[in-house]
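What the coordinates show
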Amino acid sequence: MGLTGGVGAGKSTVAKLLAERGAVIIDADAIAREVVQPGTPGFAAVVAAFGDEVVGADGALDRPKLAGIVFADEAQRGRLNAIVHPLVGERTAQLMAAAPEGAVVVYDVPLLVESGLAEGFEFVLVVEASEPTRLARLAERGMPEDDARRRIAAQATDEQRRAVADTVLVNDGSLDDLRTQVDEAWTRIAGR
């Protein structure tokens, strides 16, 4: 199953709720960080493409610096994606193959629509929230509003996500409201 949603929509919360119900979660963001750790071919490729300025004092990628570059320039974002996406795809395939037989495997991927991956899943679950809600959540995480707006604009629209969704969860309410929606979706997913 594919799980997606825009930045700040609550996709990670939904992933946790699904894991509580027994799903095996494969987190594309976590994999994207893993494949560019210092010493990996991904790290070397990113540094070769963007320069030593994207390496922090700790020797790891300075993710905010890199984000500032790629979210301000679509060509640079494409360049980074061309490095990272194939590595993420390879690692994801390894993790999916290692999942227990019969498990409900949830691929938590923010760029499912943008990457054209939706057709590869039996079921696509989309989490959405209004832009004001998303901006407020991102501000709570310390993200400046301009950065948040750039990231939202760089992602698929709610309409584009809905077009591939089997189920849409609207996450503008309470955690209990979201939990109820996840329970309803889980009944459909687990029954497949």
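This write-up is about the structure you can find in this document. (Residues numbered from 1 in each chain as written. Predicted model: local features only at pLDDT ≥ 70, side-chain atom pairs only at ≥ 80, totals over all residues. Heavy atoms only, no water.)

1. Considerations on helix H4 (residues 63-70)
Looking at H4, one finds that the buried residues are Leu66, Ala67, Ile69 and Val70. Mapping the buried residues of H4 onto a view down its axis gives an arc of 160°, with all of them on the same face. Buried residues in H4 make contact with helix H3 (41-50), helix H5 (74-98) and helix H7 (145-154). Among the residues of H4, the N-terminal cap falls to Asp62, whose side-chain oxygen and the backbone nitrogen of Lys65 are separated by 3.1 Å. (Buried < 20%, exposed > 50% of the residue type's maximum accessible area, 1.4 Å probe, protein only. Helix = DSSP H or I, 4+ residues; strand = E, 2+ residues; numbered from the N terminus. Arc of directions from axis to C-beta. Contact = heavy atoms within 4.5 Å. Polar contact = N/O pair within 3.5 Å; in protein donor to acceptor, adjacent residues only side chain to side chain.)

2. Re H3
Among the residues of H3, those classed as buried are Gly42, Phe43, Val46, Val47, Ala49 and Phe50. Around the axis of H3, the buried residues are gathered within 165° of arc, so they sit on the same side. For H3, the exposed residues set more than 90 degrees away from the buried face come down to Pro41 and Ala48. Residues of H3 that are buried sit in contact with H4 and H5. Within two residues after H3, Gly51 carries a phi angle of roughly 90°, on the positive side.

3. As for the packing of H4 against H5
Where H4 contacts H5, the axes come no closer than 7 Å and their chain directions differ by 125°. It follows that H4 is oblique to H5 by the angle criterion. The segment H4 lies against H5, with Leu66, Ile69 and Val70 engaging Gln76, Arg77 and Leu80. For the contact of H4 with H5, the residue count by class is 4 nonpolar, 1 polar and 1 charged. (Axes fitted to C-alpha atoms, helices over the stretch in contact; angles between N-to-C directions. Parallel < 35°, antiparallel > 145°, perpendicular 65-115°, else oblique. Nonpolar A, V, L, I, M, F, W, Y, C, P; charged D, E, K, R; others polar.)

4. Points about the packing of aromatic side chains
This model, assessed by the stated rule, comprises 1 aromatic pair. Here the guanidinium or amino end of Arg79 rests over the ring plane of Phe50, the centre of that ring lying 5.0 Å away. (Phe/Tyr/Trp six-rings, centres within 6.5 Å; stacked < 30°, edge-to-face > 60°. Lys NZ or Arg CZ within 6 Å of the ring centre and 35° of its normal.)

5. So, the sheet that holds strand E5 (residues 167-170)
The sheet built from 5 strands is open, its strands ordered E2-E3-E1-E4-E5 with parallel pairing. Of all strands in the sheet, those bounded by a partner on one side alone are strand E2 (24-27) and E5. Averaged over all pairs of adjacent strands, the angle between strand axes in this sheet comes to 25°, irrespective of strand direction. Judged from the 4 bridges that link them, E2 and strand E3 (residues 105-108) form a sheet pairing that is parallel. When the sheet's bridge partners are listed, Val24 is paired in E3 with Val105. Of the strands in this sheet, strand E1 (2-5), E2, E3, strand E4 (124-128) and E5 touch helix H1 (residues 11-20), which is tilted by about 150° from E1. This element, helix H9 (residues 175-190), spans E4 and E5 of the sheet and lies at about 165° to E5. (Pairing = 2+ DSSP bridges.)

6. Observations concerning the packing of H1 against H9
Their axes nearest at 10 Å, the elements H1 and H9 cross at an angle of 55°. Here H9 runs oblique to H1, going by the angle between their axes. For the crossing formed where H1 meets H9, the hand is right-handed. Contacts between H1 and H9 involve Thr13, Val14, Leu17 and Leu18 from the first element and Leu175, Leu178, Arg179, Val182 and Trp186 from the second. (Left-handed = near helix turned anticlockwise from the far one by under 90°.)

7. Some points on the side chain of Thr92
Of note, Thr92 is situated in helix H5. Owing to a relative accessible area of 5%, Thr92 belongs among the buried residues under this scheme. Looking at Thr92, its side chain comes within polar contact range of the side chain of Tyr107, at 3.1 Å. What Thr92 contacts, discounting residues up to four positions off in sequence, is Ile26, Ile31 and Tyr107.

8. Considerations on the environment of Gln160
By the element assignment, Gln160 lies in helix H8 (residues 158-164). Residue classification places Gln160 among the partly exposed residues on the basis of a relative accessible area of 42%. Note: C-alpha distance between Gln160 and Val113 (47 residues apart in sequence) is 7.2 Å. Here Thr157 takes part through its backbone nitrogen, which lies 2.7 Å from a polar atom of the side chain of Gln160.

Everything listed here is a matter of coordinates, which is why it stays silent on function.
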